[in-house]
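Chain and residue survey
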Amino acid sequence: ASLPVTAVATSLTINHASMSGSFSVPDKRTASELILRLEESGLFHTVHAPNVFQSEGQAGYTVLVECEVKAGGLE
């Protein structure tokens, strides 16, 4: 519920210790907002976006996100 409306999860992997995902966003501002909202959610110790890229000929960007889950955060 805390993610930007225009951020679309294209893949998510979640386990007891981490969450990683790929998100499609229309612009870099939305990518920043996505990262900020994940940080502010209180579910993660750390949120890291190692890559934001735009594929040739594609509109928008892809954001790769890696999060360290707090104990008991995702059940």
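The coordinates are above.
Keep in mind that this is a model prediction, so the values were computed, not measured.

1. A closer look at the overall build of the protein
- A tally of regular secondary structure across the protein gives 1 helix and 4 strands.
- Moving toward the C terminus, one meets the helices and strands of the protein in the order β-β-α-β-β.
- For the protein, the C-alpha radius of gyration of 12 Å lies close to 11 Å, the compact-globule estimate for 75 residues.
- Seen through its principal axes, the protein has C-alpha atoms that stretch 40 × 20 × 20 Å.
- Per-residue burial for the protein yields a buried fraction of 25% across its 75 residues.
- Looking at the protein as shown, the accessible area adds up to about 4,900 Å², and 50% of this sits on carbon and sulfur atoms.
- Placing the 4 positive and 8 negative side-chain charges of the protein at their respective mean positions leaves the two points 7 Å apart.

2. Examining the pattern of salt bridges
- Evaluation of the coordinates by the stated rule reveals 1 salt bridge.
- A salt bridge links Glu33 to Arg37; the nearest nitrogen and oxygen atoms lie 2.7 Å apart. You can see Glu33 and its partner Arg37 sitting in helix H1 (residues 28-40), 4 residues apart, about one turn around the helix.
- Here Glu33 falls in the partly exposed class, since its relative accessible area comes to 28%.
- Using a relative accessible area of 29% as the deciding quantity, one classes Arg37 as partly exposed.

3. Points about H1
- For H1, built from 13 residues, the straight-helix expectation of 18 Å at 1.5 Å per residue is met to within 8% by its first-to-last C-alpha distance of 18 Å.
- Taken together, the buried positions of H1 are occupied by Thr30, Ala31, Leu34, Ile35 and Leu38. Along the axis of H1, the buried residues cluster in a sector spanning 140°; they form a single face. For H1, exposure combined with an orientation more than 90 degrees from the buried face picks out Arg29 and Glu40.
- Residues of H1 that are buried in the fold lie against strand S2 (18-25), strand S3 (44-53) and strand S4 (61-69).
- The backbone nitrogen of Arg29 lies 3.3 Å from a side-chain oxygen of the residue at the head of H1, namely Asp27.
- Positive phi appears at Gly42, one or two residues downstream of H1, with a value of about 80°.

What counts and what doesn't
Residues numbered from 1 in each chain as written. Predicted model: local features only at pLDDT ≥ 70, side-chain atom pairs only at ≥ 80, totals over all residues. Heavy atoms only, no water. Helix = DSSP H or I, 4+ residues; strand = E, 2+ residues; numbered from the N terminus. Rg over C-alpha atoms; globule rule 2.2 N^0.38 Å. Buried < 20%, exposed > 50% of the residue type's maximum accessible area, 1.4 Å probe, protein only. Areas by Shrake-Rupley, 256 points an atom, 1.4 Å probe, with all protein chains shown as cover. Lys, Arg positive; Asp, Glu negative; His and termini not counted. Charge placed at Lys NZ, Arg CZ, Asp CG, Glu CD. Salt bridge = Lys/Arg side-chain N within 4 Å of Asp/Glu carboxyl O. Expected span 1.5 Å × (residues − 1). Arc of directions from axis to C-beta. Contact = heavy atoms within 4.5 Å. Polar contact = N/O pair within 3.5 Å; in protein donor to acceptor, adjacent residues only side chain to side chain.

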